[in-house]
Amino acid sequence: MTTAAPPTDKFEGVNLNITLTCPDCKQYPPDLIERFAEGDIVCGSCGLVLSDRVVDTRSEWRTFSNDDQNGVDPSRVGDAGNPLLDNENLSTMISYSTEVGRAGRELSRAQSRSVVDRRDNQLSAAFAKISQMSDGFQLPKLVQDSAKEVYKMVYEERALRGKSQESIMAAAIFIGCRQSQVARSFKEIGALTNVPLKVIGKVSKIMTSILKEKSSSNPDSYHMQDNIQSTQTSASDLIRRFCSHLGVSTQLTNGAEYMANKCNELGILAGRSPTTIAATVIYMAGFVFGADLPTSKISEKTGVSEGTIKTSYKVILEEKEKLMDPYWIDSGKVKLENLPKS
């Protein structure tokens, strides 16, 4: 029985078994000390620095309560800073205890009178209210963050003195929706915040002018003038959400959006609100694509009265040829003579 001969080829790859040793002492095994405070590795015999870029791999405690630590909190870092607050959550919190005595009570009172902390408490309460309103209306977090930043920039302006906090919050949410390109009408914002529509309109105009003025004086600001939309929400922006609430087909949704864009291009129903235009073209698209959409159901989902829908429908019925896609007629899917007159 023969045994295989050991391989004679010498390994020519990289030698990964590298041991860090002190070039002066040349002691093996080396006596190395890791000093995480300075980020160095030094020789324990002569003190020579062998490396100055040591990463601290020890545990980074992030405990935010000391209930289970017997009164000792090993936390080395605090909570993440909030850019919407002035002090970024780095202020000192002085707790009051009967064991401390009069000195601790006086320190706690002095901190409660701090201007920065009081402003942060007011902002935190307002931000919580804005988040609550936005969550009730299922608005995305992008809208919430934008509304909070708008509120912080304008809530102490002299032009808004005398305005209620609810109206400023409602206008901030409305401007946040426009900046985030999330279409919401004045009626929807009013129903969400219980603020009259006229008040929301007035306050939002004041806040928009303040933001534009601040953007011109500070070009590096997040709210640049180009981001502040002065145009009204279009009907096509509202149609998809309304059609989703109505539970109609994708074909009807696309058709209603096409007719809304045609109304905008040709100036049909000019002067009427985008919500009215959206409800009217959805009503016509129901007849065009053979869907059963009574005016009562459309009125319930869009907030437009049945009389307004029927009156606007009579106007666009006179321009029905201009609103239809030629492919619909050529393919035989749509017959204009079947459209009712009311």
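Just above sits the structure.
Everything quoted here is computed from the prediction, not taken from an experiment. (Residues numbered from 1 in each chain as written. Predicted model: local features only at pLDDT ≥ 70, side-chain atom pairs only at ≥ 80, totals over all residues. Heavy atoms only, no water.)

K.L.:
Looking at this model, I keep getting lost on the packing of helix α7 (residues 235–246) against helix α10 (residues 295–302). Mind explaining?
P.N.:
For any two helices packed against each other, one specifies the crossing angle of their axes together with the interaxial distance. Contact geometry of α7 with α10 gives a least axis separation of 10 Å together with a crossing angle of 120°. Relative to α10, α7 is oriented oblique. Remark: the crossing between α7 and α10 carries right-handed chirality. Residues F242, H245 and L246 of α7 form the contact with α10, whose participating residues are K297, I298, K301 and T302. Residue classes in the contact of α7 with α10 are distributed as 3 nonpolar, 2 polar and 2 charged. (Axes fitted to C-alpha atoms, helices over the stretch in contact; angles between N-to-C directions. Helix = DSSP H or I, 4+ residues; strand = E, 2+ residues; numbered from the N terminus. Parallel < 35°, antiparallel > 145°, perpendicular 65-115°, else oblique. Left-handed = near helix turned anticlockwise from the far one by under 90°. Contact = heavy atoms within 4.5 Å. Nonpolar A, V, L, I, M, F, W, Y, C, P; charged D, E, K, R; others polar.)

K.L.:
For this particular structure, what's the right way to read the packing of aromatic side chains?
P.N.:
Two aromatic rings are characterised by how far apart their centres lie and by the angle between their planes. One pass over the full model with this rule turns up 6 aromatic pairs. Here the aromatic rings of F287 and Y313 are separated by 6.0 Å at their centres, their planes lie at 50°, and the arrangement is tilted. Within this pair, whereas F287 is found in helix α9 (residues 274–288), its partner Y313 is found in helix α11 (residues 306–317), the two being separated by 26 residues in sequence. Note on F287: relative accessible area 34%, which makes it partly exposed. These aromatic residues form a ring-pair network of at least three members: Y258, F289 and W328. (Phe/Tyr/Trp six-rings, centres within 6.5 Å; stacked < 30°, edge-to-face > 60°. Buried < 20%, exposed > 50% of the residue type's maximum accessible area, 1.4 Å probe, protein only.)

K.L.:
How do you make sense of the layout of surface pockets when you look at a structure like this?
P.N.:
If a probe as big as a water molecule is rolled over the atoms, it shows which places are left empty. The space that makes up the largest pocket amounts to roughly 290 Å³. In terms of lining, the largest pocket is formed by 17 residues, of which the most central are S234, A235, N264, P274 and I277. Looking at the lining of the largest pocket, the elements with two or more residues in it are α7, α8 (250–266) and α9. For the lining of the largest pocket, the element with the highest residue contribution is α8, accounting for 4 residues. (1 Å grid on protein atoms, 1.4 Å probe; cavity = no way out; pocket = protein on both sides within 12 Å on 5 of 7 lines; lining within 4 Å. Points joined across faces, edges and corners; volume = space filled by probe spheres on them.)

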